Amino acid sequence: MSLALLSAGCGLGTANLRPADSALQRCDSGPHCVSSRNREAHHAIEPIHYRGATDAARRQLLAVLATLPDIEVIETRDDYVYAQAVTRWMRFVDDLEFRFVPDTRLIELRSSSRIGYYDFQVNRRRLEEIRRRFAEAP
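Presented here is a report on the structure given in the accompanying data block. Counting from 1, residues in each chain are numbered in the order their sequence is written. A pLDDT threshold of at least 70 governs which residues receive local features in this predicted model, and a stricter bar of 80 or more applies before side-chain atom pairs are shown or counted, although totals over entire chains, interfaces and linings include all residues. Only hydrogens and water are set aside when side-chain values are computed; all heavy atoms of the structure are taken into account.

### Observations regarding the nonpolar core
Joining through side-chain atoms within 4.5 Å is the link that ties buried Ala, Val, Leu, Ile, Met, Phe, Trp, Tyr and Cys residues into a set, and such a set is a nonpolar core. Relative accessibility under 20% of the residue-type maximum defines a buried residue, over 50% an exposed one, and the middle range a partly exposed one, all with a 1.4 Å probe and only protein chains included. Of all hydrophobic cores here, the largest spans 21 residues; its most connected members are Phe98 and Ile130. Looking at this core, the elements that each hand over two or more residues are helix H2 (54-67), strand S4 (80-86), strand S5 (93-101), strand S6 (106-113) and helix H3 (122-136). The leading source of residues in this core is H2, at 4 residues. Sequence-distant contacts of Phe98, defined by excluding residues within four places in its chain, comprise Leu61, Leu65, Asp79, Tyr80, Val81, Ile107, Glu108, Leu109, Leu127 and Ile130. To qualify as a helix, a DSSP run of H or I must reach at least 4 residues; to qualify as a strand, a run of E must reach at least 2; elements of each kind are numbered from the N terminus. The contact criterion used is simple: two residues touch if any of their non-hydrogen atoms lie within 4.5 Å.

### Observations regarding the pairing of strand S3 (residues 71-77)
Direction of pairing for S3 relative to S4: antiparallel, over a ladder of 6 bridges. Bridge pairing in S4 places Ile71 opposite Ala85. By the convention used here, strands pair only if DSSP detects at least 2 bridges between them. Hairpin remark: S3 followed by S4, antiparallel, with 2 residues in the connecting loop.

### What to know about the state of the cysteines
Disulfides are defined in this document as cysteine sulfur pairs within 2.5 Å. In the structure shown here, the tally under the stated rule is 1 disulfide. Between the sulfur atoms of Cys27 and its disulfide mate Cys33 the distance is 2.1 Å. With the S-S bond torsion at -70°, the cross-link from Cys27 to Cys33 turns out left-handed.

### What about the side chain of Glu108?
Position of Glu108 among the secondary structure elements: in strand S6. Residue Glu108 is classed as buried on the basis of its relative accessible area of 12%. Not counting residues up to four positions away in its chain, the partners in contact with Glu108 are Ala23, Leu24, Ser36, Arg37, Pro47, Glu97, Phe98, Arg99 and Val101.

### Some thoughts on unusual backbone geometry
Positive phi is not limited to glycine here, since Asp70 has a value of about 65°. With respect to the element layout, Asp70 can be found in the loop between H2 and S3. Judged by relative accessible area, which is 32%, Asp70 ranks as partly exposed. One non-glycine residue, Arg105, lies in positive phi territory at about 55°. With respect to the element layout, Arg105 can be found in the loop between S5 and S6.

Right under this line is the structure:
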């Protein structure tokens, strides 16, 4: 019975995504989120820099996301990619957002757990892995 209750809670939580056609949200007070829009050390993460056309950077990011296990791209627009990562053990959903800023050739980043307080740096490590693979892509 307790296992059923524990696993039933795994799909709970709602996404706290950016408002339509605006910048990504900043993280709230919990340590389960990182965003390139935050300046506090425990939430801050550097955006991804890219060269060339935004379309090519978006294709490159989508190719990187396709190589990572347990990540599903939910929405793609000219300036935005939204994906979900599902943790292997408890099946928690983390929301990943990427906003392309063509004027500065930056990809703003945000990754946040939907439920829970601590994420043990999972969101930060995931975005850093995405950054590393993006930089290494041909």
